[in-house]
Amino acid sequence: MLAFWGSEAIGHVGLRYPYDGTGAVTDYLLTGHYPAVVWMAYVLLGLALGRLGLTARRTQTALVAWGAAAAVVGYAASFVATEALGGASTIAYTFESTTVVRRGEVPDGAAWPDPAYLLLAGPHTDTWFEVLGSGGFAVLVVGGALLATRSRAVALVLSPLAAVGAMALTVYTLQIVALWVVREWFGLDLVRSPTSNEALVVMTLASLVLATLWRVALGKGPLERLVTGVAARAASVPATEPHPSVSAPDAPDPTEEVPHGRRDQR
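Residues numbered from 1 in each chain as written. Predicted model: local features only at pLDDT ≥ 70, side-chain atom pairs only at ≥ 80, totals over all residues. Heavy atoms only, no water.

The next point concerns the overall build of the protein chain. Helix and strand counts for the protein chain come out as 11 helices and 0 strands. Sequence-ordered secondary structure for the protein chain, helices as α and strands as β, is α-α-α-α-α-α-α-α-α-α-α. Scored against the burial criterion, the 266 residues of the protein chain give a buried share of 23%. Sequence separation of 24 or more characterises 68% of the internal contacts of the protein chain that already satisfy a separation of 6 or more. (Helix = DSSP H or I, 4+ residues; strand = E, 2+ residues; numbered from the N terminus. Buried < 20%, exposed > 50% of the residue type's maximum accessible area, 1.4 Å probe, protein only. Contact = heavy atoms within 4.5 Å.)

Below you can see the structure in the form of structure tokens.
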């Protein structure tokens with residue numbers, strides 16, 4: 001809701017992101033492909049999963065069951081609701097024709113988009129249905145992978161994927177840098193104007209091989225080491241001692257005489 005109405009409201013009040021310098025903030029919070037107000041749900045979900053006893057078969061099975069249930073509910077509910085209004089493609093087309101997000105100029109009295117958009121569950125729609133469906137699917141995949149890798153043979157076969165997952169921050173960062181280098185040095189935009197899937201295949205294979213070699217030789221990824229080090233230092237900072245002038249009230253002396261009738265009050 002906040003991502004939908006907030007991004008539209010910003011445009012209607014006169015901000016012309018990203019042309020007026022507000023793009024970095026609004027894209028990060030509301031209008032980008034990964035708006036923080038929505039994607040923090042996935043971050044919190046990941047933190048919650050990390051606190052579970054993921055080695056227990058019962059927990060792994062529960063992740064599969066609950067993840068599948070959430071995915072089915074999210075996507076099925078979206079399908080039923082959008083079909084009743086003419087279909088997801090119709091709703092998406094109507095939204096694109098009325099949204100003011102990323103428009104350089106917004107005319108006075110511009111219409112607000114149809115809130116039926118919130119019923120969609122497609123990629124990067126950033127709706128409740130998408131969060132429920134894709135989040136549930138992610139939990140399903142995690143649980144299924146944990147169950148599958150209880151077998152040593154399967155764990156060995158999937159070890160390259162585990163290596164990429166163990167250093168996802170490093171791998172994603174290097175991929176972004178590689179895409180930038182190819183665009184700036186060779187004039188090829190592999191994101192918006194790909195000519196084939198060759199670059200995707202090369203990047204995928206390179207990520208699997210390099211991540212596996214790094215994990216075998218050095219363990220944790222470089223950026224993961226950095227984040228872990230910063231977090232460990234932050235967690236080790238001692239709590240602030242109270243100021244000497246501020247002292248806790250003295251505890252009552254148990255041997256002190258208490259006037260008759262006041263002992264219960266104490």
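Counting through the fold element by element, E184 comes out in helix α9 (residues 168–186). Of note is the side chain of E184, whose polar atom sits 3.3 Å from the side chain of R183. (Polar contact = N/O pair within 3.5 Å; in protein donor to acceptor, adjacent residues only side chain to side chain.)

Despite not being glycine, H124 has its phi angle at roughly 60°, a positive value. Along the polypeptide, H124 turns up in the loop between α5 (88–98) and α6 (128–148). Phi at D126 takes a positive value of approximately 60°, unusual for a residue other than glycine. Note on placement: D126 falls in the loop between α5 and α6.

With that settled, consider a nonpolar patch on the surface. A cluster of nonpolar side chains, M40, V43, L44 and L47, forms an exposed patch at the surface whose accessible area comes to about 370 Å². Topologically, M40 is positioned in helix α3 (residues 36–50). (Patch = residues over 30% accessible without salt bridge, like charges linked within 9 Å, V, L, I, M, F, W, Y side chains within 5 Å. Areas by Shrake-Rupley, 256 points an atom, 1.4 Å probe, with all protein chains shown as cover. Salt bridge = Lys/Arg side-chain N within 4 Å of Asp/Glu carboxyl O.)

Quick look at the environment of Y93 now. In this structure, Y93 sits in helix α5. Look at Y93 and you get exposed, because its relative accessible area is 63%. Sequence separation between Y93 and Y117 is 24 residues; the distance between their C-alpha atoms is 9.7 Å.

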